[in-house]
Amino acid sequence: MKTGLKMRQLLCFRKSLFSTCINVLKKLKGENFFKNITGEEVFLTFTVSDYEFENKEVEDIIIQLNDNDYQTEYLEWMKSWAD
């Protein structure tokens, strides 16, 4: 029982951590942080080296973090994976 509880706590923590990281990226983009540094629009994503997001999760992340041509291009590229 304790192992199950610890696993649920870990999963909850991981979900919260990932969400926090994505929200920080959204906030920085909203403040033009990246554009001010690079002088141009950038493509943002969020990945974790030892975790594989489902395709729908990746799509949601891309949509949340990008509102430019990069978003459309990446989503089209993702569709080609299924072909």
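Everything below is about the structure printed above this text.
So, here's what we can say about the structure. (Residues numbered from 1 in each chain as written. Predicted model: local features only at pLDDT ≥ 70, side-chain atom pairs only at ≥ 80, totals over all residues. Heavy atoms only, no water.)

### Points about the packing of aromatic side chains
Okay, step 1: Going through the model one piece at a time under the given rule, you end up with 9 aromatic pairs.
Okay, step 2: Their ring planes at 55 degrees and their centres at 5.4 Å tell us that phenylalanine 18 and phenylalanine 53 sit as a pair that is tilted. Of the two residues, phenylalanine 18 is situated in helix α1 (residues 2-30) and phenylalanine 53 in the loop between α2 (33-38) and α3 (55-65); the sequence distance between them amounts to 35 residues.
Okay, step 3: Under the relative-accessibility criterion, phenylalanine 18 is labelled buried at 10%.
Okay, step 4: Judged by relative accessible area, phenylalanine 53 falls into the buried class, the value being 12%.
Okay, step 5: One aromatic cluster is present, formed by Phe18, Phe46, Tyr51 and Phe53 through successive ring pairs. (Phe/Tyr/Trp six-rings, centres within 6.5 Å; stacked < 30°, edge-to-face > 60°. Helix = DSSP H or I, 4+ residues; strand = E, 2+ residues; numbered from the N terminus. Buried < 20%, exposed > 50% of the residue type's maximum accessible area, 1.4 Å probe, protein only.)

### Describing the packing of α3 against helix α4 (residues 69-81)
Okay, step 1: The contact between α3 and α4 brings their axes to 10 Å, and the two run at 170 degrees. With respect to their mutual orientation, α3 and α4 come out roughly antiparallel. Note on element contacts: α4 touches α3 through Gln71, Tyr74, Leu75, Met78 and Trp81, opposite Asn55, Val58, Glu59, Ile62 and Ile63.
Okay, step 2: Counted by class, the contact of α3 with α4 contains 7 nonpolar, 2 polar and 1 charged residues. (Axes fitted to C-alpha atoms, helices over the stretch in contact; angles between N-to-C directions. Parallel < 35°, antiparallel > 145°, perpendicular 65-115°, else oblique. Contact = heavy atoms within 4.5 Å. Nonpolar A, V, L, I, M, F, W, Y, C, P; charged D, E, K, R; others polar.)

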